[in-house]
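Structural overview
Residue-level listing of the chains:
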Amino acid sequence: MRRKIQLGERETERVACASASAFRALDTVTGEAWGAEALAERVGWLTSLVETLCTGVTSAHWNRADLAQLASGTGFSGARLPSNAWMAVRTLGWGAVVPDGLYLPDRVRRVAEEQAGRALRSAWWRSEITDAVLATWPTGPDADPLRRTEAQWAALWGACPDGQAVAASVRRGRTRQVVALAYGRLPADVCALEGAPGGGRQVVLAAADKQLSTLTRCEDDPAHFAVLTVRLPVRPDPRTRADWRLTVIRFRLPPTVPQTAALHVPTLRLHGGRLRLDVAFTTAAPRTRPGGHTRAVAFDYGLNTLLTGGALTLAGDAQPTVLADGRPVFFRPDGILAKADRLRTLGEHLWTKTAHLQSLVDGRAVGGQWPEPLTEAKLAVLKAEHTAVSRRRTQLNEQLARAAARFMVETARAANATVIYLEDLRDMEARGKGRTLNTRLSSSVRGQIVTHTRHQAAVYGIAVVIVPARGTSKYCPRCLSVFRHHAAPNRPKPGWKWATCPNAACGYSADRDVAAWQRIGARGLTHQHLTVLGRSSGTYVIHRTVQELDLPVRHTPHPGTVPSGRPQPRAVADRTKSGPTENRPVPRQRRRVPAPPGISAARTAAGSGGKRPAGRKPQSPRRHPQWRGWRQAPHTMSTPTRHQPRGARLGAGFHLHTHASPVTPRARPSGQPRSFSQDRSRAETPAPPRKT
């Protein structure tokens, strides 16, 4: 099967991964068909064997000298080590040792050595960070490693490898780890601070060749099914070569894998007693670029409104100018956040009860008594419920991150933007901001949103750049003056939600997030030449900013505005409260003319109409929809005070809990792809037959 694809001009390879499930297999030697349980059992035997070999390699070489030797890239003879981890491990003489009495093919040993080499290589970066923390450890009677001075933090920053690329949260997290495990004595290195890693309870088949496994598309339906042929043990302790048999596994490909993609050998793992296959595939995608952007979209993270953003344009060559249309877009998953908060509260309650029952069981065990059966049964039920709630929270966060990423990518495509600018919030920690705000910050999914945005934007050649967040909410985007933050537009007391510019010539007043996304986009467009590719994350990052390059954002005028860009003034009536309010009918609800004459002959003879204004008689509705409040009459409607989507109590769907601004597509140049919904509808619609 081909593993490479043909690339066109200005295209690059895009490697992605999709997870699939397998429920049956076929033994090619006996012709026996295995079900899901038998297949998972045999894959579990293979995983245990690989994990044993991998742990043996990492435990034997979990020391600083061996980590440095592997990270140096040169062997003991001075020759360059191969790029493959298993070949580098064998070159250094660190090969896996098969236990006595077992027979394992050489390809299985190769898989275990590959996983061990990857684990040891990844530990070197943590070792360098730990060495920097220990080398700059503050000394003295009043020294606090978590509250260092500016000079001490600068020294730690300089000691770290690629100091600007290492987030402050990583340095503080490593410092907390040392404090928690030091017990009055600092550890020597990362090997004394952490235990030897394992293999991750998985089997990376990509480290072996065709003698162990092959992957092909199904001949009957190549667009939807694939066939994996792999050697699996027929017993947990294989003794001879005959105990390893070729097994054919036919599984359905995920819908995200296109038919033109080149498939790679998957990674096997067990999840919930079933076999999962992580299938990697390669497709062609437009090449992204770090600079040279003139059209961009920027987004700011929030709490109530998760994403607030808009489009910006960089105009002019000699004197660049950042233009914004002043039409922000919002992504408000109020129902999702409320659901996540309820699940968090339930999980904490279950964990508290579980800890209490566990302490009772442990107390009886210490006293030499048998635990009560009823207590053990309750403890098992609570643990199962807590696991289910945790799994639901994970799935909800994953869905929220995917929806937010799709919203940003579609907004960028509709605005003809080539880059998405996001703020760097890796250093923001949930501490010192109050109990409620700390909890909401710790439950956010900013990292997952960035990961999914990079993955989805790469399909259309849109770059994702991380911009420093310092000062984006502090300064006015129009004149760069220091903002005054208030609780609300009509509440001048100090707060954080609303921002007002004190400059009389500017007078800009807007939501804090609306002003922040303009500063983020302007900073990204003016600092394009400082964009670098992060070594660890693989994301475009702007590590530092230059104050002289910050430019104010000019708003383009809307239709119906004067040439200067300011809205046309309107005459406003004086609404000063100088006396009692007059009793007058409510606008658009009460008619000023009397009702028409009734049917009664007496009223007709009187020649006068009815006393009640025209319209239906107010009456109480028979049913009250969830998405509306209590109504006083059929022609009036109250505004809902909280999020109440339709069908929320019945779990009617994810989309009913998420509110996003409609994306208005701009005029696209010829040859540019359409929106996601149009592409999907076009793919689902069969093409008409050609005329011959």
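In this report, we go over the structure that sits alongside the text. Per chain, residues are indexed from 1 in the order of the written sequence. With the structure being a predicted model, the display of local features is reserved for residues of pLDDT at least 70 and the display and counting of side-chain atom pairs for 80 or more, all residues being used for whole-chain, interface and lining totals. Heavy atoms throughout the structure, all of them, feed into the side-chain values; hydrogens and water do not.

The subject of this paragraph is unusual backbone geometry. Of note, Arg201 is a non-glycine position whose phi angle comes to about 55°, a positive value. Secondary structure elements are defined from DSSP: runs of H or I of at least 4 residues count as helices, runs of E of at least 2 residues count as strands, and each element is numbered from the N terminus. Along the chain, the position of Arg201 falls in the loop between helix H7 (190-193) and strand E4 (203-204). When a residue's accessible area, from a 1.4 Å probe over protein chains only, is under 20% of the maximum for its type it is buried; when over 50% it is exposed; and in between it is partly exposed. By relative accessible area, which is 46% here, Arg201 ends up partly exposed. Although it is not a glycine, Asn416 sits at a positive phi angle of roughly 60°. Looking at the element boundaries, Asn416 is found in the loop between helix H9 (373-414) and strand E15 (419-424).

This part covers the packing of H9 against helix H11 (residues 446-457). Two elements in contact, H9 and H11, have axes whose closest approach is 8 Å; the angle formed by their N-to-C orientations is 45°. Considered as vectors, H9 and H11 are oriented oblique to each other. Considering the relative orientation of H9 and H11, their crossing is right-handed. Between H9, through Asn397, Glu398, Ala401, Arg402, Ala404, Ala405, Arg406, Met408 and Val409, and H11, the contact on the second element is made entirely by Gln448, Ile449, His452, Thr453, Gln456 and Ala457. For the contact of H9 with H11, the residue count by class is 7 nonpolar, 5 polar and 3 charged. Interaxial angle, 0 to 180 degrees, is taken between N-to-C directions of lines fitted to C-alpha atoms, where a helix line uses only the stretch in contact. If an angle is under 35 degrees, it is roughly parallel; if it is over 145, roughly antiparallel; if it lies from 65 to 115, roughly perpendicular; otherwise it is oblique. For any helix crossing, the convention is left-handed if the near helix is rotated counterclockwise from the far helix by under a right angle, and right-handed if that rotation is clockwise. Contacts: residue pairs with any heavy atoms within 4.5 Å of one another. Residues are grouped as follows: Ala, Val, Leu, Ile, Met, Phe, Trp, Tyr, Cys and Pro are nonpolar; Asp, Glu, Lys and Arg are charged; every other residue, Gly included, is polar.

Residues lying three or four places apart along an α-helix face the same way, a consequence of the helix completing one turn every 3.6 residues. Taking 1.5 Å per residue as the helical rise, helix H12 (residues 512-526) with its 15 residues ought to reach 21 Å, and the 21 Å between its terminal C-alpha atoms agrees with that figure. With 14 of its 15 residues buried, H12 lies for the most part within the structure. For H12, the capping residue at the N-terminal end is Asp511, with a side-chain oxygen 2.9 Å from the backbone nitrogen of Asp513. Working rule for helices: expected span equals 1.5 Å times residues minus one. The definition of a polar contact used here is a pair of N or O atoms within 3.5 Å, where within protein one atom must be able to donate a hydrogen and the other to accept one, and adjacent residues in sequence count solely through side-chain atom pairs.

Let's shift gears to the sheet that holds strand E5 (residues 213-217). Two strands are said to pair when DSSP picks up at least two bridges between them. Taking strand neighbours across the sheet as the criterion, the 5 strands line up as E3-E2-E7-E6-E5 in an open arrangement whose pairing is antiparallel. This sheet does not close on itself; its edge strands, each paired only once, are strand E3 (33-34) and E5. For strand E6 (residues 225-233) and strand E7 (residues 244-252), the ladder comprises 9 bridges, and the chain directions are antiparallel. In the sheet register, Val230 faces E7, and the bridge partner there is Thr247. Lying over the sheet, helix H1 (residues 36-60) contacts strand E2 (25-27), E3, E6 and E7, oriented at roughly 55° with respect to E6.

Turning our attention to the pairing of strand E14 (residues 329-332). A one-sided burial pattern is seen for E14, the buried positions being Val329 and Phe331 and the unburied ones Phe330 and Arg332. Taken together, the 3 bridges between strand E12 (residues 307-315) and E14 define a ladder with antiparallel strand orientation. In the strand pairing of E14, Thr308 is matched with Phe330.

Now for the sheet that holds strand E20 (residues 509-511). The sheet built from 4 strands is open, its strands ordered E18-E17-E19-E20 with antiparallel pairing. Of all strands in the sheet, those with a lone pairing partner are strand E18 (491-494) and E20, marking the two edges. Neighbour to neighbour, the strand axes of the sheet diverge by 40° on average, direction disregarded. By the bridge criterion, 3 bridges tie strand E19 (residues 498-500) to E20 in an arrangement that is antiparallel. Pairing of Ala499 across the sheet is with Ala510, part of E20. Along the sheet, H12 makes contact with strand E17 (484-488), E19 and E20, crossing E20 at roughly 95°.

Next up on the list: the pattern of salt bridges. Just to be clear on terms, a salt bridge is a Lys or Arg side-chain nitrogen sitting within 4 Å of an Asp or Glu carboxyl oxygen. Considering all chains together, one arrives at 23 salt bridges under this definition. In this structure, Arg344 engages Asp341 in a salt bridge whose closest nitrogen and oxygen atoms are separated by 2.8 Å. With a gap of 3 residues between them, Arg344 and Asp341 both fall in helix H8 (residues 334-366), about one helical turn apart. For Arg344, a relative accessible area of 15% puts it in the buried group. For Asp341, a relative accessible area of 36% gives the class partly exposed. Salt bridges here are not isolated pairs; linked through shared partners, they connect Arg90, Asp106, Arg107, Arg109, Arg110, Glu113 and Asp209.

What follows covers the side chain of Asp511. Tracing the backbone through its elements, the reader meets Asp511 in strand E20. Note on Asp511: relative accessible area 15%, which makes it buried. Within the structure, the side chain of Asp511 is placed 3.2 Å from the side chain of Lys497, a separation counted as a polar contact. Sequence-distant contacts of Asp511, defined by excluding residues within four places in its chain, comprise Lys497 and Trp498.

Contact geometry of H8 with H9 gives a least axis separation of 9 Å together with a crossing angle of 155°. Classified by the interaxial angle, the pair formed by H8 and H9 is roughly antiparallel. Here H8 and H9 pass one another in a crossing that is left-handed. Looking at the contact of H8 with H9 residue by residue, the class counts come to 14 nonpolar, 5 polar and 8 charged.

Another aspect to go through is helix H2 (residues 64-72). Three or more residues of H2 are buried, namely Asp66, Leu67, Gln69 and Leu70. Mapping the buried residues of H2 onto a view down its axis gives an arc of 160°, with all of them on the same face. Close packing links the buried residues of H2 with H1, helix H3 (85-91), helix H4 (106-135) and H7. Gly73 sits one or two positions beyond H2 and adopts a positive phi of about 85°. An arc is given here, and it is the one of the directions from the helix axis to the C-beta atoms.

Just geometry here; none of it tells us what the structure is for.
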